[in-house]
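Chains, contacts and geometry: an overview
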Amino acid sequence: MQIWDPTYECMPREEIEQLQLERLQATLNRVHKSVTCYRKKFDNAGISPEDVQCLADLAKLPFTTKDDLRLNYPYGMFAVPLREVVRIHSSSGTTGKPTVVGYTRNDIKMWSNLVGRVLTAAGVTHDDVVQIAFGYGMFTGAFGLHYGAETIGASVIPMSAGNTEKQIMIMQDYKTTALVCTPSYAITLASRMEKMGIDPKSLSLKTGLFGAEPWSEAMRREIENRLFINATDNYGLSEIIGPGVAGECEYKCGMHLFEDAFIPEIIDPETCEVLPPGSVGELVLTTLTKEAFPMIRYRTRDITSLDYSKCECGRTIVRMRKTMGRSDDMLIIRGVNVFPSQIEEVLFDIEECEPHYQLVISKEGAMDVLEVHIEVTENIFFDEMKKQRAFLEMVAKRIHSQLGISASVKLVEPNTIPRHEGKAVRIIDNRQK
Ligand SMILES: [Zn+2]
């Protein structure tokens, strides 16, 4: 297995931290000078860039949130004049205006290199044919992986999202070896292949890089067993850079986070206090190399933990655990914290279960009630009521034993849970209404 950028991926910890501090100080000086939002935030907090003398001082700085980005729509958070920006992306907001991010020529180069590291860690080389089934457009996923794959010399097929049967035809004819898409789309592809009578083993596919939505270990096993590939996870978000923040090595024991470019912190999402290494909490990221769109202590809303112990692969940089969900998605059901990913894990472990499910939460009196809806498939079709009941009880029992909450499990008609080729709607919370 190879390492794309050993200088930065295998740096001794002391050197990483020294580099981070130097880059952090330079970044703070720059944003204080050229981004009004940061200057105001720092001034309000009574802190100046000179006050940051060690990495621990980072905790004194105010957070940046998606609201800051919205308030400064579209270009207010840019640290360079627009003439130096060569690319603009944005992330779709479900409510209100999208958030807009920009890249200078250097930013694009850095980004491509970081994604090159992700691809290399996943085992992709210049011999691979990479099919990108993320939607091309304002979303950073497709372009990020595209540039990264070109950087390491792989052959890129810019297929974009959707058009499932054509995706499969291209895979067959162009001998795709690496697939890039969302994990739920990988399942869609596997199901369609089964329907079309195509044996995934007859394809050249070896590796998958899946991201842009949280997914469980059980879903990984499901994808690996159905597509006969090595399924890897990687992490990124457009506000920080897009894909290229972190990626798994062959040991799949967390995603190596590129610390020469980003400083990660884990905070308690309620109190905002920084938690010690190993704690589960919300990931906060600070960028260290970005010119056009630096981010200081950006609250990602993603829940994970950090592991600084040594990895077998030789990389010295920290690993972040697979994200468990968004802090916004964290459901509190009768006082218990529940992530949809935990329910997903239970469902995948039950062999008959396809991953199409939805959680519906409502209130009965003062009591939270959780319903888990599962779509009927050929595997979960029971003509006998008794068998059906036994199945539903078994699922409820497993949820109770693994999560400590009671849920009523219901079967729903096939294709009634809304989904698009990318993300599935997993939660309906009727408690506020
Ligand atoms: Zn590793």
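To start, this report covers the structure provided alongside it. (Residues numbered from 1 in each chain as written. Predicted model: local features only at pLDDT ≥ 70, side-chain atom pairs only at ≥ 80, totals over all residues. Heavy atoms only, no water.)

**Brief notes about a nonpolar patch on the surface**
- Together, Tyr-75, Leu-82, Ile-88 and Met-138 give the surface a local cluster of nonpolar side chains, amounting to about 350 Å² of exposed area.
- Here Leu-82 is to be found in the loop between helix H4 (66-71) and strand S1 (85-91).
- Since its relative accessible area comes to 42%, Leu-82 is described here as partly exposed. (Patch = residues over 30% accessible without salt bridge, like charges linked within 9 Å, V, L, I, M, F, W, Y side chains within 5 Å. Areas by Shrake-Rupley, 256 points an atom, 1.4 Å probe, with all protein chains shown as cover. Salt bridge = Lys/Arg side-chain N within 4 Å of Asp/Glu carboxyl O. Helix = DSSP H or I, 4+ residues; strand = E, 2+ residues; numbered from the N terminus. Buried < 20%, exposed > 50% of the residue type's maximum accessible area, 1.4 Å probe, protein only.)

**Remarks on the sheet that holds strand S7 (residues 230-237)**
- Spatial ordering of the open sheet is given by S4-S3-S5-S6-S7-S8-S9-S14-S13, a layout of nine strands whose pairing is mixed. In this open sheet, the two edge strands, each paired with only one partner strand, are strand S4 (155-157) and strand S13 (306-307).
- Here helix H5 (residues 105-121) sits on the sheet and contacts strand S6 (207-210), S7 and strand S8 (242-248); the angle it forms with S8, its principal contact strand, is near 30°. (Pairing = 2+ DSSP bridges. Contact = heavy atoms within 4.5 Å. Axes fitted to C-alpha atoms, helices over the stretch in contact; angles between N-to-C directions.)

**Overview of empty space enclosed by the protein**
- Applying the stated criterion to the full structure yields one cavity of 30 Å³ or more.
- Of the pockets and cavities examined, the largest cavity occupies roughly 40 Å³.
- In this structure, the largest cavity is lined by Leu-69, Asn-72, Tyr-73, Pro-74, Gly-76, Met-77, Phe-78, Thr-99, Val-100 and Phe-293.
- Looking at the lining of the largest cavity, its residues break down into seven nonpolar, three polar and no charged. (1 Å grid on protein atoms, 1.4 Å probe; cavity = no way out; pocket = protein on both sides within 12 Å on 5 of 7 lines; lining within 4 Å. Points joined across faces, edges and corners; volume = space filled by probe spheres on them. Nonpolar A, V, L, I, M, F, W, Y, C, P; charged D, E, K, R; others polar.)

**Quick notes on the coordination of the zinc ion**
- Only Cys-249 (SG), His-256 (NE2), Cys-311 (SG) and Cys-313 (SG) from the protein coordinate the zinc ion, and they sit 2.1 to 2.3 Å from it.
- Given four donor atoms and angles of 100 to 116° at the metal, the environment of the zinc ion is assigned as tetrahedral.
- Within one chain, the residues serving as donors to the zinc ion are arranged as C-x6-H-x54-C-x1-C. Of the two residues, His-256 sits in strand S9 (residues 255-257) while Cys-311 sits in the loop between S13 and strand S14 (319-320), which places them 55 residues apart along the sequence. (Donors = N, O, S within 2.8 Å, 3.2 Å for Na, K, Ca; no water. Tetrahedral: all angles 85-135°; square planar, octahedral: opposite > 155°, others 65-115°.)

**Concerning the nonpolar core**
- One finds Tyr-235, Phe-262 and Leu-285 to be the most contacted residues of the largest nonpolar core, which totals 68 residues.
- Among the elements that line this core, the one with the most residues is H5, at seven residues.
- Filtering out sequence-adjacent residues up to four positions away, Phe-262 remains in contact with Gln-20, Leu-114, Ile-240, Ile-241, Gly-244, Val-245, Leu-257, Leu-285, Thr-286, Thr-287 and Leu-288. (Core = buried A, V, L, I, M, F, W, Y, C linked by side-chain atoms within 4.5 Å.)

**Quick look at the packing of aromatic side chains**
- Scanning all chains against the criterion turns up seven aromatic pairs.
- Summarising the aromatic geometry, the rings of Tyr-75 and Phe-78 are spaced 5.1 Å apart at their centres and angled 50° between planes, so their arrangement reads as tilted.
- Consider the rings of Phe-210 and Trp-215, whose centres lie 5.7 Å apart with planes at 90°: the pair is edge-to-face. Each of the two residues, Phe-210 as well as Trp-215, counts as buried.
- One aromatic cluster is present, built from ring pairs that chain together Tyr-75, Phe-78 and Phe-293.
- Positioned above the aromatic ring of Trp-215, the side-chain terminus of Lys-322 is 3.6 Å from the ring centre. (Phe/Tyr/Trp six-rings, centres within 6.5 Å; stacked < 30°, edge-to-face > 60°. Lys NZ or Arg CZ within 6 Å of the ring centre and 35° of its normal.)

**Here we look at the pattern of salt bridges**
- According to the stated counting rule, one finds 25 salt bridges in the structure shown.
- A salt bridge links Glu-9 to Arg-315; the shortest N-O distance between them is 2.9 Å. Taken together, the residues Glu-9 in helix H1 (residues 6-9) and Arg-315 in the loop between S13 and S14 connect sequence positions 306 residues apart. Side by side, Glu-9 and Arg-315 carry an identical accessibility label, which is buried.

**Topic: the sheet that holds strand S21 (residues 427-429)**
- Spatial ordering of the open sheet is given by S20-S19-S18-S21, a layout of four strands whose pairing is mixed. At either end of the open sheet lies a strand with only one pairing partner, and these are strand S20 (408-412) and S21. The average undirected angle you get between the axes of adjacent strands in this sheet is 25°.
- Of the strand pairs in this sheet, strand S18 (residues 357-364) and strand S19 (residues 367-375) are connected by eight bridges, and their pairing is antiparallel. If you follow Leu-359 over to S19, its bridge partner there is Val-372.
- Helix H10 (residues 340-349) contacts S18, S19 and S21 of the sheet and is inclined by roughly 125° relative to S18.
- Where helix H11 (residues 385-403) meets the sheet, it contacts S19 and S20, and its direction lies at approximately 135° from that of S20.

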